[in-house]
Amino acid sequence: MSVTGSARGTLRGRLETAAPARFWQVLEEVSAEGGFSHRFSAEFPEIAERLSGAVDRRTTLKLMGAALLSAGLAGCKPSKGIAPYVDQPEFTVPGKPRFYATSLVLDGYAIGVLGETHEGRPTKLEGNPAHPGSLGGTDAIVQTAVYTLYSADRSRYVRRGGQPATWGAFQAEMAELRDTYVSRGGAGLGVLIGAETSPTLARQLDALQAEMPALAVYRHSATTPRNPAVVPVYRFDRADVIVSLDADFLAEGPGRLAHARQFSDSRRVRREAAKMSRLYALEGVPSLTGVAADVRRKIRPGALDEAVSEIAAALESGAPAGDKFIAWLVADLGAAASRAVFVPPLDASLYVEATALALNQRFGAVGDRVIYIASPEIAGAPLETLVTDAESGRLEQLVILGPDVLHTAPGDLDITGALQRLARVYHHGLHVDRTARLAHWHVPAAHDLESWSDGRAYEGSASILQPLIAPLYGGVTKHQVLAALAGDFTSSAQELVRGTWPSLNDEAWFEALKSGLIEGSAAAATAPPAATSVAPATAVDGATDAVDVVLRPDPYFSDGTHAANLFLAELPRPLTKIVWGNTAEMSPDTAARLGVAQDDVVELSANGRTVVLPVFIHPGMPEGVIAVALGFGREIEGSAPIGVNAFVLARRDGGGVLSEVTVQKLDAKEHVVTTQHHHSMEGRDIVRELPLAAFPPERNEPAQPTLYPEYENPEEAWGMSIDLNACIGCMACVAACQVENNSPVVGREEVARGHEMHWLRVDRYYAGDGDDQRTLFQPVPCMQCEDAPCEVVCPVNATVHTADGINAQVYNRCVGTRYCSQNCPYKVRRFNFFAYQDFAEDNPLSLLMNPDVSVRERGVMEKCTYCVQRTRAAQIEANITDSPITDGSVMTACQQACPSRAITFGNLKDRSSAVAREKGEPHAYALLEELNTKPRTTYLARIRNAPDSEEDDGE
Amino acid sequence: MQVFGRQADQIAQFGLTAALVMLLVFAVAWVGLDRSSYGTGQRLARLQPIPFSHAHHAGEDGIDCRYCHGAVETSSSAGLPATEICMTCHSQLFADAPVLEPVRQSFASGKPIVWERVHDLPDFVYFNHAAHVNNGVGCVSCHGRIDEMPTLYQAAPLTMQWCLDCHRDPGPQLRPEDEITSMTWTPTGERRKFGEQMIAHYHVRTDHMTDCYVCHR
Amino acid sequence: MASDPPRDPPVLSPGATPRSIPAAISAIPLGPKLPRRFWWGFGFFFALTLVFLFSVTWVLVEGIGTLGLDIPAAWAFPIINTVWWIGIGHAGTLISAVLLLLRQRWRNSINRFAEAMTLLAASLAAFHPILHLGRPQYFYWLLPLPVTHMPWPQWRSPLVWDFFAIGTYLIVSLLFWYMGLIPDLAVLRDRAKRRGAQVAYGLLALGWRGSAHHWHRFETAYFLIAALATPLVVSVHSVIALDFTSAIIPGYHSTIFPPYFVAGALYSGFAMVVTIAVPLRAFFGLEAFITLRHIDNAARVMLGAGGVVAFGYVSEAYFAWYSGDEYERYMIWNRAFGDYGWLFWTMLACNVGALQLLWFRSVRRSQWTMFALAMVINIGMWIERYVIVVTSLTRDFLPSAWNTLAPTWTDFGLLAGSLGLFFALMFLFVRLLPALSISEVEELQHELKEAG
């Protein structure tokens, strides 16, 4: 229903009188839409408080059960009231979770997920094994998406000039806009999108452009500035030599999860098949891919072209140059059977891209290890064009669908000025960010989990997004916005998407929804881009005292899209373990040369623009280079910006590398908060590493005597094996653990005091030094020791051994002596030093809680329990159906999240179980074996496949 | 000179004895209250928005428990009947009885009937109905003679001790599948032996039924 | 008149007569006015007591996180204070019970306030671990109580042993102290002028009339409790030591701890005795009863105990090396040269270095030097506990978990405050009760006369 201008006027008038403070919360009450929220809050005060904004009836129905559960979750606050459904939704069984297949769209590409919902509350996302973009794996961003869904700092109402308006009013505005521009063929009207693959969006834009040929479509993505027409799709599991030309294919790009899976599959060294692929990596600043490499060569980030041309030349001539990297590479590729693939970075220079293509063709990779497909992305003019159009007056009004351009635009592009020039700017987004505040109109976006939409995976397969919950904060999809622009005010979000897929009959449609994938929609291989001959750019060799600054998207915040997600803010960065902020990362030498030390504050200035950041010493960095993470410092209404926005340094010509940056030490200190403070293994046998040549190692575990009685496990004996050779350190497991187990976010100061609450941590050690300095990852959950030091010292029996071999932690029994943590050699226990999660009733985050796990009270010890709620559920199910638990049917949250399948979990009594086999491998070992705690969690040693690894200094 | 009178001694002795006795009394009272119905809420009936009688529905009408508490065999929660369930009958029977006004209102307005919770376990206890009823624990074992309760009350103390009594020795509480919802069933023959059979029949995992994590997570 | 050889000062100065003794001693509680400096002292410590109360309230309200604790160092100041206080609490029982059984005359005039000291110190020691709990309100779960949720304490946990060890120690010390007080309370009752005082002391004296019958019972009971208390001297701190010994952490896991902790306890205990004795005799004119002989003897005990402690340090280092265990070796190295190295060296300077001065009689017999030395040793012993508790934890097995500990103001508030409470109560004790045992001093004087 739309509101007439006069009605709006009177509405404004009534608002003034209605309630000056926070009046927008009761907008519905006074607005022409009539007082739904009024009735609503009368009916379900609990939920109404949680959702201060309009919610439709379906949400309320779905949330009724949720209100009850979440009331209980606060712990020690028994709710006396108990309300049944009025009209129980079909298939919902109170107390039983349901799973729905949908997708998240990250940087425009779909990642298939299965959403776990409790009484209509999405609480956890798992990867969808059927979806090529996920293959069952997830990353930290996917895992924590549910936080964004509920977080209170999302935009909650339509704004017109900052004042509250209504969706109806916006539709009316769109109608006017349409009337103005259809006649003019769309000249002067523009639509700005981010990276987008949604077929529905494409259809809508095409329709609009058919109607208004002059309608301008702009595209801006800070993570993938270039949008080539043809993109490569890799199959790393088919390669045995992978050459990364400074490409971080394991952590960046829409195919990262699939890549991680393929890559680790090509490196599972087991007794029966003791072979693995070999990864060569050219590397500017340290990346997860470089860390995983067997042979690594540090290069100056600006000098990639040179390095690549050097390699190309060497491979051409077949003459091993001096560098051992090249020598080995030449040798390897000389071998007839070698199946190599070359991987250029996402933002590759034309030369690198061309060379990589040429080499792939030369070594027969094309069509096998790599195919090329037409980019699934929607094309659009770059931001520069938008600015020039705005300045030249060719653009008058702009509809922005998503991107926070004011935050992500390069510093030398006056986007603010450009947008201010425009007559009208309409913004549609999840948050009220700088762009939204500058825009004349803002419409709250629905979260992916609230949306009907669609998207394509990195290799082109399409999947449908279906809502797991009705919009909590009255958000609408971008399709609804475009529909309004196209004069369609009636069709629902679902109809808009359904309309894109006439090819699917209802059966196929429901199948697509159920499986989370549209069968056979993968893109067909096309011819690789025509070979172009480009000369390598020669890197400018700056004066010795100058430094290069490399700007890279943060692994979690990306370009800032997720900068309001506090779960991500507190998740330690994979390589640096930094939380709550970005820094100027540099190598010790660079720091020494600049005369700065850790926590010093420096001012980086490049061509007149400056950022101020604390220094972080990062041993992996190349000399003379400073790395700064992008995506921080995003200004979102309702939450304080985290870190500093480094986009101001960025240049419009793209390329994340700035040379000739001057560094000035300021007279200030800022503590860089990290979760790991010591980086050497001190020569202890912690992360085992062995060369492939030395495989299989002889196992020597002398059975040590013990005074403790043997535990016997009548039914199951749970155990876990973690393959350090498969782990890429991406931290998805940690995020998954936090969401699954209701672990709190404690805040910057608390982490700085060593009070972080992640049950699972990924330790990062440095081994070796100089060029062959290696970074080793080791996920450390609770070891579930059979002779557990923690159990014997608890005075109140709050941590005890269970019949299936878990160290159960009984929160309600714990008095908090912390003796167990003292006595834990692995220090995996976490303590509630404060009441981290005593939610106020109106805190929407209480809807995020997993009802199967207690929320822990102040003063209570907690720890990893192998997701006991999951093992128990399986045991109860088995017990009811009198059928055994099949291997692999129970997964821990970390295991399920892992994109590289590094974690295996199961029943050790079942000799044929996957975990039992893993533990039988020759390179299996227990951490701190000599303490004879008999850990149930064991590791598979990391294996290096460097040609020289015969003489390896495994630290 | 004399500071105290002649009774001082007796008074002192009496005082000391009295103190000791009081201490004892308090100790006993404390231990007792914990277990008394005052401490556990046992046999405590609560005023409900509708004078719903289990005695009438489950007793006289003989409606099976599962008609209203449908999730009991599949889920941790037995589930409360949605208003529509009530209305399936009460749109015909007693369609205009004033006591049922709240039900009709709820159905009309979509506003749920908010009952008073009678069986309330602490939030850190994860009780699972399905696990019990599918392993031979009858409704009556915990909820008592529902069919004789005009107003519902908490039949059992619901203390951890009470739970453990059964978890330590489940046999005597078990019954055949078809008698789960029966309020009157009694075993034939020797109780303990029958219990053993039931344990074998349901494959009850007696080995770890007292592990903490069976109920606390 | 006692005629000790001139080289040794007398246990009891010749000035003391059957008439002067009760007069002098009871003058303090009953005396009309005490010197202003007494009240200044009391005022100061009372102020600290308020700091204590504030810190405690703060911790209880805000949560245990307000203390400088983290993972890995989940134990810090409160536990250090506990061990320190229980150590101080030791000298009392040793002096009262053991020396009584050994018929050491010189104990008679210092046992009373040593016992009071024990009582207060032990109470503080018992208080800290409870405050240190995440959920202090449930501390009684360490007791086997007939609660409706069944589980009982876990008897394998040293903390449960502690609970009972300290409890027993408190009860026995209290009984022993009060027993000894009874005859003196009677004396005060009889000497008191004001009705209030008469009634108060009278009630506490439990109708003591000093008949031979009473004395007979008294002696028997007193010796019995003494015999009971004696093993506690060893047991209590051994049990506390087991908290560490039975833990797996390098730096905790060491069998030397029980004897070494007991020695340390006596060491710091006697240091505290001297810390109190010197001002006491100086300010209240008790030189006649607490003579330099007492100071000297205390010093000798300290010398002995301190020697054992020093041996403890050496053996720890030796066994770390001899075990060949890399973690143990690293632990010792880290203690000496790690983040907290300076504390380690300060500890050695205080506990081993300063100790050597006690070889000189001149030092032992100069009360103020002894006072200063005692202070130094008190501090040294606190640091020792810090080194053991914190350095071991912050550098255990996995380097990834290593962290440092940052004490907060609440930590220092608790430490200073507990000292304040301790001394404030000592002042009250001195003010209200006989700081020296009248009866036993009289007895001593009598014996000396007989001897002479």
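Residues numbered from 1 in each chain as written. Chains lettered and ligands numbered in written order. Predicted model: local features only at pLDDT ≥ 70, side-chain atom pairs only at ≥ 80, totals over all residues. Heavy atoms only, no water.

**Things to note about the overall build of chain A**
Our working definition: Strands are runs of DSSP state E lasting at least 2 residues, helices are runs of H or I lasting at least 4, and numbering of each runs from the N terminus. The rule is simple: take the accessible area with a 1.4 Å probe, protein chains only, and divide by the maximum for that residue type; under 20% is buried, over 50% is exposed, in between is partly exposed. Every residue pair with non-hydrogen atoms within 4.5 Å of one another is taken to be in contact. Residue exposure ignores everything except the shown protein chains as possible cover, and the areas themselves are Shrake-Rupley values with a 1.4 Å probe.
What chain A contains, in helices and strands, is 30 helices and 38 strands. Taking all 955 residues of chain A together, 63% fall into the buried category. A separation of at least 24 residues holds for 74% of the contacts in chain A among residues at least 6 apart in sequence. When the accessible surface of chain A is summed, it comes to about 31900 Å², and 54% of that surface belongs to carbon and sulfur atoms.

**Considering the overall build of chain C**
For clarity, the threshold we go by: Both definitions apply: the radius of gyration is a C-alpha atom measure, and the globule rule equals 2.2 Å times residues to the power 0.38.
Within chain C, the secondary structure is distributed over 15 helices and zero strands. Over its C-alpha trace chain C gives a radius of gyration of 23 Å, about what one expects of a compact globule, namely 22 Å for 452 residues. Each principal axis of the C-alpha atoms in chain C carries an extent, and together these give about 70 × 60 × 40 Å. Burial status across chain C gives 61% buried among its 452 residues. For chain C, the proportion of contacts with a sequence separation of at least 24, taken over those separated by at least 6, is 81%. With the model as given, the accessible surface of chain C reaches about 17400 Å², and the carbon-plus-sulfur share is 72%.

**A word on the sheet that holds strand β3 (residues 109-118) of chain A**
Residues and elements named next belong to chain A. We apply this condition: DSSP bridges decide pairing: two strands pair if at least two such bridges lie between them. In this analysis, axes come from line fits to C-alpha atoms, helices being fitted only over the stretch in contact, and the angle between any two N-to-C directions falls in the range 0 to 180 degrees.
Judged by pairing direction, the sheet is antiparallel, and its three strands sit side by side in the order β2-β3-β4 without closing on themselves. Sheet topology places β2 (98-106) and β4 (121-127) at the edges, where each strand pairs with a single neighbour. Strand after strand, the sheet turns through a mean of 40° between neighbouring axes, direction not considered. Taken together, the six bridges between β3 and β4 define a ladder with antiparallel strand orientation. Counted as the bridge partner of V113 is G127 from β4.

**Some details on the interface of chain C and chain B**
Test applied: Buried area is understood as the total, over both parts, of accessible area removed when two parts are fitted together, assessed with a 1.4 Å probe. A pair is scored as a salt bridge if a Lys or Arg side-chain nitrogen falls within 4 Å of a carboxyl oxygen belonging to Asp or Glu. N or O atoms within 3.5 Å of each other form a polar contact, as long as, within protein, one can give a hydrogen and the other can take it, and as long as residues adjacent in sequence are counted only when both atoms are side-chain atoms.
Contacts between the two partners involve 13 residues from chain C and, on the opposite side, 13 residues from chain B. Each partner contributes to the roughly 1100 Å² buried at the junction of chain C and chain B, and carbon and sulfur atoms together form 70% of this total. Inspection of the chain C/chain B interface yields zero salt bridges. Scanning the region where chain C abuts chain B turns up one residue pair in polar contact (both at pLDDT 80 or more).

**Here's the deal with the environment of S743 of chain A**
Tracing the chain through its elements places S743 of chain A in the loop between α24 (732-740) and α25 (748-752). For S743 of chain A and Q837 of chain A, which are 94 residues apart along the polypeptide, the C-alpha to C-alpha distance reads 8.7 Å.

**Quick notes on the nonpolar core**
Filter applied, for reference: Remark: nonpolar core denotes a set of buried residues (Ala, Val, Leu, Ile, Met, Phe, Trp, Tyr, Cys) joined through side-chain atoms within 4.5 Å.
Ranked by internal contacts, the top residues of the largest apolar core, which has 293 residues, are F113 and F422 of chain C. Apart from residues lying up to four places away in sequence, F422 of chain C is in contact with W85, M117, L120, A121, L124, M272 and I276 of chain C.

**Structural notes on the interface of chain A and chain C**
Quick reminder of the rule: Lys, Arg, Asp and Glu make up the charged group, whereas Ala, Val, Leu, Ile, Met, Phe, Trp, Tyr, Cys and Pro make up the nonpolar group; the residues left over, Gly among them, are polar.
Facing the 55 residues of chain A at the interface are 55 residues of chain C. Between chain A and chain C, a total of about 4500 Å² is buried, with carbon and sulfur atoms accounting for 54% of that surface. Three residues, R684, Y819 and Q822 of chain A, lead the burial of chain A against chain C; their summed loss comes to 17% of the area buried on that side. Where chain A packs against chain C, one counts 34 residue pairs in polar contact (both at pLDDT 80 or more). Looking at the side of chain A that touches chain C residue by residue, the classes come out as 24 nonpolar, 17 polar and 14 charged.

**Details of the pattern of salt bridges**
Applying the stated criterion across every chain yields a total of 64 salt bridges over all chains. Residue D147 of chain B is joined to R145 of chain B by a salt bridge in which the shortest nitrogen-to-oxygen separation is 2.8 Å. Through salt bridges that share partners, K124, E126, E740 and R870 of chain A make up one connected network.

**Some points on the packing of helix α3 (residues 77-101) of chain C against helix α4 (residues 111-131) of chain C**
Residues and elements named next belong to chain C. How we decide: For classification purposes, an angle smaller than 35 degrees is called roughly parallel, one larger than 145 roughly antiparallel, one from 65 to 115 roughly perpendicular, and anything else oblique. By definition, turning the near helix anticlockwise from the far helix through less than a right angle yields a left-handed crossing, and turning it clockwise yields a right-handed one.
Where α3 meets α4, the axes come as close as 7 Å, and the angle between the chain directions of the two elements is 155°. The orientation of α3 relative to α4 falls into the category roughly antiparallel. Here the hand of the crossing between α3 and α4 comes out left-handed. On α4, the residues touching P78, N81, T82, W85, I86, I88, G89, A91, G92, T93, I95 and S96 of α3 are N111, A114, E115, M117, T118, A121, A122, L124, A125, H128 and P129. When grouped by side-chain class, the residues that make up the contact of α3 with α4 number 13 nonpolar, nine polar and one charged.

**Remarks on a nonpolar patch on the surface**
Residues and elements named next belong to chain C. Defined as follows: Without a salt bridge and with relative accessible area above 30%, a residue can belong to a patch; like charges are then joined within 9 Å and nonpolar side chains (Val, Leu, Ile, Met, Phe, Trp, Tyr) within 5 Å.
A surface patch of nonpolar side chains, amounting to about 510 Å² of accessible area, comprises Y318, F319, W321 and Y322. Note on placement: Y322 falls in helix α9 (residues 292-323). For Y322, a relative accessible area of 56% corresponds to the exposed category.

**Observations concerning the confidence of the model for chain A**
Convention followed: Predictor confidence is given residue by residue as pLDDT, running from a minimum of 0 to a maximum of 100.
Of the residues in chain A, 89% have a pLDDT of 70 or more, and the chain-wide mean is 85. Counting interchain partners and residues more than four positions distant, the pLDDT-below-50 stretch residues 950-955 of chain A has twelve contacts.

**Observations concerning the packing of aromatic side chains**
Residues and elements named next belong to chain C. Threshold: Any two of the Phe, Tyr and Trp rings considered here, Trp counted by its six-membered ring, make a pair once their centres fall within 6.5 Å; the pair's planes then place it as stacked at under 30 degrees, edge-to-face at over 60, or tilted in between.
With the rule as written, the count across this model stands at 70 aromatic pairs over all chains. Centroid distance Y138 to W141: 4.4 Å. Interplanar angle 15°. Geometry classified as stacked. Given a relative accessible area of 25%, Y138 falls into the partly exposed group. For W141, a relative accessible area of 9% corresponds to the buried category. Taking 5.1 Å as the distance between ring centres and 20° as the angle between the ring planes, the aromatic pair formed by Y330 and W402 counts as stacked.

**Quick word on the sheet that holds strand β22 (residues 584-586) of chain A**
Residues and elements named next belong to chain A. The sheet built from six strands closes into a barrel, its strands ordered β21-β25-β22-β24-β23-β26 with mixed pairing. Across the sheet, the axes of successive neighbouring strands diverge by a mean angle of 45°, strand direction being ignored. Pairing between strand β21 (residues 547-553) and strand β25 (residues 625-630): six bridges, direction parallel. Within β25, the residue paired with L551 across the bridge is V628.

**Comments concerning α3 of chain C**
Residues and elements named next belong to chain C. Selection rule: Expected helix span is taken as 1.5 Å per residue step, with the number of steps being one fewer than the number of residues. A residue's bend is given by the angle between axes fitted to the 7 residues ending at it and the 7 residues starting at it.
Given a rise of 1.5 Å per residue, 25 residues ought to cover 36 Å, and the 36 Å separating the end C-alpha atoms of α3 matches this to within 8%. Its axis deflected by about 35° at L94, α3 carries its strongest bend there. Immediately beyond the C-terminal end of α3, within one or two residues, lies R103, with a positive phi of roughly 55°.

**Considerations on unusual backbone geometry**
Glycine aside, a negative phi is what most residues show, and trans is what most peptide bonds show. Omega for the bond connecting F695 of chain A with P696 of chain A falls within 30 degrees of zero, at -5°, which places this linkage in the cis form. Positionally, P696 of chain A belongs in the loop between β27 (689-691) and β28 (718-723). P72 of chain C follows I71 of chain C through a cis peptide bond whose omega is 15°. Inspection of the secondary structure puts P72 of chain C in the loop between α2 (36-62) and α3. Positive phi outside glycine occurs at D246 of chain A, with the angle close to 60°.

**Regarding the environment of T346 of chain C**
Residues and elements named next belong to chain C. By secondary structure assignment, the location of T346 is in helix α11 (residues 341-353). With a relative accessible area of 30%, T346 lands in the partly exposed category. Reaching out from T346, the side chain makes a polar contact with the backbone oxygen of W342 at a distance of 2.4 Å.

**Digging into the confidence of the model for chain C**
Interpreting fine coordinate detail is not advised for predicted regions of low pLDDT. All names here are of chain C. Mean pLDDT for chain C: 87, with 96% of residues reaching 70 or above. Below pLDDT 50 for its whole length, residues 1-6 participates in six contacts with residues either more than four positions away or in separate chains. For this predicted complex, the interface score ipTM comes out at 0.91, while the overall pTM is 0.89.

**Overview of the environment of K478 of chain A**
Residues and elements named next belong to chain A. Positionally, K478 belongs in helix α19 (residues 478-485). Accessibility expressed as a relative area gives 17% for K478, which makes it buried. Along the sequence, K478 and D347 sit 131 residues apart, while their C-alpha atoms lie 27 Å from each other. Non-local contacts of K478, meaning those with residues more than four positions away in its chain, are made with E196, L201, L401 and H428.

**Observations regarding the packing of helix α5 (residues 158-191) of chain C against helix α6 (residues 195-204) of chain C**
Residues and elements named next belong to chain C. Between α5 and α6, the shortest axis-to-axis distance is 8 Å and the interhelical angle comes to 150°. Overall, the two elements α5 and α6 adopt an arrangement that is roughly antiparallel. Relative to α6, the crossing made by α5 is left-handed. Contacts from Y178, L185, L188 and R189 in α5 reach Q198, Y201, G202 and L204 in α6. Looking at the contact of α5 with α6 residue by residue, the class counts come to five nonpolar, two polar and one charged.

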